[in-house]
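# Per-entry structural report
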Amino acid sequence: MSNEVLECDLLVIGAGMAGLSAAGWAASRGAKVVVVEKAEKIGGSAALSGGMLWTATSKARMNYYGAGEADLGAVVCATYPQAMSWLRERGIDVSEKMDALHGYGYQIDIIAHLQGCVALVEQAGGHVILGTSVEKLLHTPDGRIIGASTRHVDGCVDVHAASTLLATGGYQGDPELRARYIHPNARNMLLRSNLTSRGEGIQLGEQVGGEVRATNDGFYGHLVSASPSWGEERLYTMLSQYHSDYTLLLNEDGLRFCDETNGDHTNTYYTVQQKNGRALCFWDSRVHEEQATKSIVKFATPMDKFAVALEFGGAGLCSASVDDIAGFASAQGFNGEQVAKSIADFNFCCRNAWETLDPPRSEECIPYDRAPFYALVVYPAITFTYGGLTIDTAARVLDARGQAIPGLLAAGSDAGAAFGIGYAGGLALAMTFGITAARTAGWQ
Ligand SMILES: Cc1cc2nc3c(=O)[nH]c(=O)nc-3n(C[C@H](O)[C@H](O)[C@H](O)COP(=O)(O)OP(=O)(O)OC[C@H]3O[C@@H](n4cnc5c(N)ncnc54)[C@H](O)[C@@H]3O)c2cc1C
């Protein structure tokens, strides 16, 4: 029995930031768009986010902090102003300019943007279909992608399209893919994202010859305290220890293993590689007052991250004595003696020999000497992955020879290599490449 057939200009697989931005952009220029979404609601991780749409302030900073492929980073920088104009034109609420890590941005009404894109698709005669999985991509004998076979509880539909966009949000929800591409310890990593992004977009692309940059093991995430309630979405931000870049991070052997000041997201990347994929995060009352009790972006509610971590079941200790901290570390399975030595050595180097620190410390070379002291056992939690399908600057999926696969596009976390192990905004990456994909499909 043959499937029902639906015809459109652009098929979008995944109704998150990249997919809906592409769909809304193309629909507002006259395209008939079909969006298929696996979950029963739109939004993916974007709907869980705070809507801070930010990016690096220049291509040079994008290269330095994002640390991905320069030409892809340049697309984000070049398209960001157009993305902002489009939001403003449509009357989406945009805050005043705010600082964000190593860039600037705006808090946008992310839900209004996503729902507005759905409305644009429907006004132009298209559809956003929830609870739908994609079985396979359809192609002509000469390899042009012409849509996909989809399955819904009501039956199977072949969607035929001039262009097909993969935008399923990466593979962070799949433990085996995390172990394969990131690190064996990543199999057990906590997930702070939507639950449905399990690498299916990347696999659909691979099945038709798309190349996956397996060497890109980067991901965006944060160090979090443990909690029996992990999985409740409100805890994704509440238990994130954003201030880890001002702390000392010690592995189970009691040793530093990274330049903490490169950022909490980078610390998360290095922590997953440590024994048992965890670390002891140590700081003093100066850092506590200046960082651990402050919010990282203006609109977030400040809270005492240590107190919240303990309230939800995290393992931590606050004490006036470093010896107590060492005892706590031993009780938690860390080398307590070495923890005390590493803290003393670090403080000595800060005062007398910063240049001998190994790993080095780029910023914040200040001794931890103001009691009380804080120690918290932290774990990496993943938000989205950086490795994915190789694309060019027009969001076209490339094969292993670097040739574009006709009719196939990828954006957001399904597309690899825009970031290396750095980070310069996930929403902006998804939205700018969503717009880029819609343009490549012919909707300027
Ligand atoms: C708690 C939290 C806070 C965040 N805060 C920020 C922030 O303030 N600023 C920022 O820049 N970034 C933030 N992010 C990251 C940002 O949300 C993501 O980088 C961005 O949403 C990625 O866009 P995407 O389109 O690739 O994926 P998503 O937005 O996650 O969308 C992917 C969609 O594809 C769907 N899907 C998956 N598989 C299939 C399939 N087989 N078929 C059909 N559909 C499928 C998913 O269900 C989902 O709806 C945050 C993320 C989280 C979780």
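Residues numbered from 1 in each chain as written. Predicted model: local features only at pLDDT ≥ 70, side-chain atom pairs only at ≥ 80, totals over all residues. Heavy atoms only, no water.

Turning next to the overall build of the protein. A count of helical and extended segments in the protein gives 13 helices and 17 strands. The C-alpha atoms of the protein give 23 Å as radius of gyration, which agrees with the globular expectation for 444 residues (22 Å, within 12%). Over its C-alpha atoms, taken along the principal directions, the protein stretches across nearly 70 × 40 × 40 Å. The contacts in the protein between residues at least 6 apart in sequence include a share of 72% that link residues at least 24 apart. For the protein, the computed accessible surface area is about 17600 Å², with 50% contributed by carbon and sulfur atoms. For the protein, the centre of its 33 positive side-chain charges and the centre of its 48 negative side-chain charges are spaced 3 Å apart. (Helix = DSSP H or I, 4+ residues; strand = E, 2+ residues; numbered from the N terminus. Rg over C-alpha atoms; globule rule 2.2 N^0.38 Å. Contact = heavy atoms within 4.5 Å. Areas by Shrake-Rupley, 256 points an atom, 1.4 Å probe, with all protein chains shown as cover. Lys, Arg positive; Asp, Glu negative; His and termini not counted. Charge placed at Lys NZ, Arg CZ, Asp CG, Glu CD.)

The subject of this paragraph is the nonpolar core. Judged by nonpolar contacts, the single largest core of 101 residues is most densely connected at Leu 11, Ile 13, Met 17, Val 33, Leu 53, Leu 165 and Phe 433. Residues from two domains meet in this core; each of domain 1 (4-215 + 386-440) and domain 2 (220-382) gives at least three. What Val 33 contacts, discounting residues up to four positions off in sequence, is Leu 10, Val 12, Ala 23, Ala 26, Ala 27, Val 121, Gly 126 and His 127. Counting residues in hydrophobic clusters, the runner-up holds 32 residues, among them Val 287, Phe 346, Cys 349 and Tyr 374. (Core = buried A, V, L, I, M, F, W, Y, C linked by side-chain atoms within 4.5 Å. Buried < 20%, exposed > 50% of the residue type's maximum accessible area, 1.4 Å probe, protein only. Domains from an automatic or database assignment.)

Around the ligand sit 35 residues, and of these Glu 37, Ser 45, Met 52, Thr 196 and Glu 200 come closest. Separating an oxygen atom of the ligand from a backbone N or O atom of Ala 18 is a distance of 2.9 Å. Note that a nitrogen atom of the ligand is positioned 3.4 Å from one of the side-chain N or O atoms of Tyr 423. A total of 1000 Å² of accessible area belongs to the ligand in isolation, and the protein chains cover 95% of it. Secondary-structure elements contributing two or more residues to the shell around the ligand are helix 1 (17-27), strand 15 (373-385) and helix 13 (426-440). Of all the elements, helix 13 adds the most residues to the shell around the ligand, at three residues. (Near = heavy atom within 4 Å. Polar contact = N/O pair within 3.5 Å; in protein donor to acceptor, adjacent residues only side chain to side chain.)

Our next topic: helix 12 (residues 336-352). The end-to-end C-alpha distance of helix 12 is 24 Å, a good match for the 24 Å that 17 residues give at a rise of 1.5 Å each. Within helix 12 the residues assigned to the buried category are Gly 336, Val 339, Ser 342, Ile 343, Phe 346, Asn 347, Cys 349 and Cys 350. Angularly, the buried residues of helix 12 cover 165° about the axis, an arc narrow enough to put them on a single face. Away from its buried face by more than 90 degrees, helix 12 exposes Glu 337, Arg 351 and Asn 352. (Expected span 1.5 Å × (residues − 1). Arc of directions from axis to C-beta.)

Within strand 11 (residues 219-225), seven of the seven residues are buried, which leaves it mostly tucked inside the rest of the structure. Both strand 11 and strand 15 contribute to a ladder of seven bridges, which runs antiparallel. Looking at strand 15, one finds that Tyr 220 is bridged to Phe 384. (Pairing = 2+ DSSP bridges.)

Put simply, side chains in a regular strand alternate between the two faces of the sheet. Note that strand 1 (residues 4-13) and strand 9 (residues 155-166) share nine bridges and pair parallel. Within strand 9, the residue paired with Leu 11 across the bridge is Thr 164. You can see the chain leave strand 1, run along helix 1 and come back into strand 2 (residues 33-36), and the turn it takes is right-handed. (Right-handed = clockwise from strand over helix to strand, strands pointing away.)

In terms of domain boundaries, the protein breaks down into domain 1 (4-215 + 386-440) and domain 2 (220-382). On a C-alpha basis, the centroid separation for the pair domain 1 and domain 2 is 33 Å. Each partner contributes residues to the interface: domain 1 has 25 residues there, and domain 2 has 25 residues. With both chains or domains summed, domain 1 and domain 2 bury close to 2200 Å², and 68% of this area falls on carbon and sulfur atoms. The largest contributions to the domain 1 side of the interface with domain 2 come from Leu 190, Arg 192 and Ile 421, which together make up 36% of the buried area. The tally of links from domain 1 across to domain 2 stands at zero salt bridges. (Buried area = accessible area lost by both parts, 1.4 Å probe. Salt bridge = Lys/Arg side-chain N within 4 Å of Asp/Glu carboxyl O.)

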